[in-house]
Amino acid sequence: MKTKAAVAWKAGQPLTIETVDLQGPKLGEVLVEIKASGICHTDYYTLSGADPEGIFPAILGHEGAGIVVDVGPGVTTLKKGDHVIPLYTPECRGCKFCLSRKTNLCQLIRGTQGKGLMPDATSRFSLNGEPILHYMGTSTFSNFTVVPEIALAKIRSDAPFDKVCYIGCGVTTGIGAVIFTAKVEAGANAVVFGLGGIGLNVIQGLKMVGADKIIGVDLNPAREKMAREFGMTHFLNPKDIEAAGGNIVDAIVQLTDGGADYSFECIGNTRVMRQALECTHKGWGRSIIIGVAEAGAEISTRPFQLVTGRKWEGSAFGGARGRTDVPKIVDWYMEGKINIDKLITHTMPLEDINKGFDLMKSGESIRGVVLF
Ligand SMILES: NC(=O)c1ccc[n+]([C@@H]2O[C@H](COP(=O)([O-])OP(=O)(O)OC[C@H]3O[C@@H](n4cnc5c(N)ncnc54)[C@H](O)[C@@H]3O)[C@@H](O)[C@H]2O)c1
Ligand SMILES: N[C@@H](CCC(=O)N[C@@H](CSCO)C(=O)NCC(=O)O)C(=O)O
Ligand SMILES: [Zn+2]
Ligand SMILES: [Zn+2]
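The name an unreviewed UniProt entry assigns to the protein is S-(hydroxymethyl)glutathione dehydrogenase, from the organism Rhodoferax lacus. The record held by UniProt for the protein lists under Cofactor (unreviewed entry) the comment "Zn(2+)". Annotation of the protein in UniProt includes, under Sequence similarities (unreviewed entry), the sentence "Belongs to the zinc-containing alcohol dehydrogenase family. Class-III subfamily."

*Asks:* So what's going on with the nonpolar core? Residues and values would help.
*Replies:* One finds Ile167, Leu206 and Phe264 to be the most contacted residues of the largest nonpolar core, which totals 85 residues. Split by domain, the residues of this core number at least three in each of domain 1 (2-171 + 319-371) and domain 2 (182-314). Formed by 13 residues, the second largest nonpolar core is a distinct cluster that contains Phe193, Ile215, Ile241 and Cys279.

*Asks:* Provide a residue-level description of the coordination of the zinc ion (ligand 4), including the pertinent values.
*Replies:* Bound to the zinc ion (ligand 4) on the protein side are Cys92 (SG), Cys95 (SG), Cys98 (SG) and Cys106 (SG), at distances that span 2.3 to 2.4 Å. Around the zinc ion (ligand 4) sit 4 donor atoms; with metal-centred angles ranging over 105 to 116°, the donor geometry is tetrahedral. Here cysteine 95 falls in the buried class, since its relative accessible area comes to 10%.

*Asks:* Can you explain the site of ligand 2? Please cite residues and give values.
*Replies:* With respect to spatial proximity, 13 residues lie near ligand 2, and among them Thr42, Tyr45, Asp51, Glu53 and Arg110 are the closest. With respect to ligand 2, the side chain of aspartate 51 contributes an N or O atom lying 2.8 Å from a nitrogen atom. One of the side-chain N or O atoms of arginine 110 is found 2.7 Å from an oxygen atom in ligand 2. Burial of ligand 2 by the protein amounts to 73% of the accessible area it has alone, namely 530 Å². Considering only residue class, the shell around ligand 2 consists of 8 nonpolar, 2 polar and 3 charged.

*Asks:* Before we move on, could you go through the domain arrangement of the protein and cite the residues and values that matter?
*Replies:* With domains assigned, the protein is organised as domain 1 (2-171 + 319-371) and domain 2 (182-314). For domain 1 and domain 2, the distance between their C-alpha centres works out to 28 Å. Counting residues at the interface gives 18 residues for domain 1, matched by 17 residues for domain 2. When domain 1 packs against domain 2, close to 1300 Å² is buried across both sides, 63% of that on carbon and sulfur atoms. For the domain 1 face of the interface with domain 2, the top three residues by lost area are Lys342, Leu343 and Ile366, together amounting to 34%. Counting the contacts that link domain 1 with domain 2 gives 1 salt bridge. Remark: the boundary between domain 1 and domain 2 carries 8 residue pairs in polar contact (both at pLDDT 80 or more). Considering only residue class, the side of domain 1 that touches domain 2 consists of 9 nonpolar, 5 polar and 4 charged.

*Asks:* Requested: an account of the coordination of the zinc ion (ligand 3), with residues and values cited.
*Replies:* Listed as protein donors to the zinc ion (ligand 3) are Cys40 (SG), His62 (NE2) and Cys169 (SG); their distances from the metal cover 2.0 to 2.3 Å. Of note, the donors binding the zinc ion (ligand 3) are all from one chain and are spaced C-x21-H-x106-C. Placement of cysteine 40 in the loop between β3 (29-39) and α1 (41-48) and of cysteine 169 in the loop between α4 (161-164) and α5 (170-182) is noted, with a sequence separation of 129 residues between them. Judged by relative accessible area, which is 2%, cysteine 40 ranks as buried.

*Asks:* Pulling in residues and values, what's your account of the side chain of asparagine 104?
*Replies:* By secondary structure assignment, the location of asparagine 104 is in the loop between α2 (96-100) and α3 (110-114). When its relative accessible area of 8% is taken as the criterion, asparagine 104 is described as buried. Separated by 2.9 Å, the side chain of asparagine 104 and the backbone oxygen of alanine 316 make a polar contact. The contact partners of asparagine 104, leaving out residues within four places of it in the chain, are Thr89, Pro90, Ala316, Phe317, Gly319, Ala320 and Arg321.

*Asks:* If you had to explain the site of ligand 1 to someone new, which residues and values would you point to?
*Replies:* Around ligand 1, a shell composed of 27 residues is seen, among which His41, Thr42, Ile198, Asp218 and Phe317 lie nearest. Here an oxygen atom of ligand 1 and a side-chain polar atom of arginine 223 are 2.9 Å apart. Contact between ligand 1 and isoleucine 267: an oxygen atom at 3.0 Å from a main-chain N or O atom of the residue. Its free accessible area being 860 Å², ligand 1 has 88% of it covered by the protein chains. When residues of the shell around ligand 1 are assigned to domains, at least three fall in each of domain 1 (2-171 + 319-371) and domain 2 (182-314).

*Asks:* Could you give an account of helix α13 (residues 353-361), with specific residues and numbers?
*Replies:* When α13 is considered as a whole, its buried residues turn out to be Ile353, Gly356, Phe357, Leu359 and Met360. When α13 is viewed along its axis, its buried side chains cluster within an angular range of 160° and face the same direction. Residues of α13 that are buried make contact with β1 (2-7), β2 (16-22), β3, α1, β16 (344-349) and β17 (367-371). Once α13 ends, the next one or two residues include glycine 363, with phi positive near 85°.

Definitions and limits used
Residues numbered from 1 in each chain as written. Chains lettered and ligands numbered in written order. Predicted model: local features only at pLDDT ≥ 70, side-chain atom pairs only at ≥ 80, totals over all residues. Heavy atoms only, no water. UniProt positions renumbered as here; feature names shortened; annotations may be inferred. Core = buried A, V, L, I, M, F, W, Y, C linked by side-chain atoms within 4.5 Å. Buried < 20%, exposed > 50% of the residue type's maximum accessible area, 1.4 Å probe, protein only. Domains from an automatic or database assignment. Donors = N, O, S within 2.8 Å, 3.2 Å for Na, K, Ca; no water. Tetrahedral: all angles 85-135°; square planar, octahedral: opposite > 155°, others 65-115°. Near = heavy atom within 4 Å. Polar contact = N/O pair within 3.5 Å; in protein donor to acceptor, adjacent residues only side chain to side chain. Areas by Shrake-Rupley, 256 points an atom, 1.4 Å probe, with all protein chains shown as cover. Nonpolar A, V, L, I, M, F, W, Y, C, P; charged D, E, K, R; others polar. Contact = heavy atoms within 4.5 Å. Buried area = accessible area lost by both parts, 1.4 Å probe. Salt bridge = Lys/Arg side-chain N within 4 Å of Asp/Glu carboxyl O. Helix = DSSP H or I, 4+ residues; strand = E, 2+ residues; numbered from the N terminus. Arc of directions from axis to C-beta.

Set out below in structure tokens:
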């Protein structure tokens, strides 16, 4: 079949809208009509050329929602008409990682996924006979896409695609980092570095679990208003603190009587990652890295920071097991327990997707969503 898709031909170049060829689903695969897809900072990171796994030409996008239109042989858990969210972190429930119960990082198809290929090591997308690569196993910047069955969460059919697509990455990553990875307890003090599409969801997760001080840090003063609406209790702008001769770590340590219980880095900046670790409390502080840093970047701190009880950790897709947890998060949205609508500041047709990237880069949008 043919499908309309935004193709990333080369790093650093705008996407172009093409009518590409899409082969039907093979063994264990599902054809999905994508109805909406958010634009995440990670799509930009890969497009920029900073991703060591970034390969081109590819169809980016990993924050979608849509409807099953066909299933390949061997598919047993999904049928035509089911509403689904594609998962860049699948859940096979049979690999060593899934069975460990210690991680959400299912590895059954990670090798081929990282090479832009389906599990049989081929691509379903092509143009003029030349293959175009998949991205994160999802390629949601295509109106139709083929996804492995284990990488699809079945969701309720009354959930609006244009909102719940965001659960495919940002919402789950932010809220999940609080409840699944850090398991923050009521009354804890926490700091969130970066109040964008991920950080604001960390804030809403912290509010949900009853955190005490919820400190937000961002260079963009325009982020304060929205963050307060989502539960932030204190806002710190490093520019203002430095202009007054101070530093952000000391400011947080003072505000929290010795350091935060938890911190979350939602930027992808290794200098900030160090600050996020060092502003946590001696003896028990835990710092969770969510931001994705460019190829070759390294983190550093004095080992003494760890010897004295701070823990440096990371979180991918919020530690969520997609097929199990994503349908529950959709329920939370439908029951009014979490707010997604306010964070989706812009929507656009696929033809305007490059404008969506520009809005994110300039800090104007929190989440832009492409509507098909
Ligand atoms: N680990 C995961 O599973 C996962 C999932 C999704 C996104 N991410 C990563 O999370 C990061 C954030 O994604 P996003 O979509 O929220 O991005 P975003 O662009 O919406 O938000 C980033 C925010 O950080 C702020 N910022 C930038 N530099 C700063 C600095 N030095 N100090 C303070 N604030 C600063 C910006 O003003 C912006 O508000 C990215 O690196 C993305 O790739 C990781
Ligand atoms: N290819 C990148 C990895 C980027 C990365 O860490 N991705 C996150 C999801 S970001 C979603 O917006 C993730 O899930 N990581 C776990 C994994 O990729 O297996 C690089 O190599 O830097
Ligand atoms: Zn993402
Ligand atoms: Zn698995």
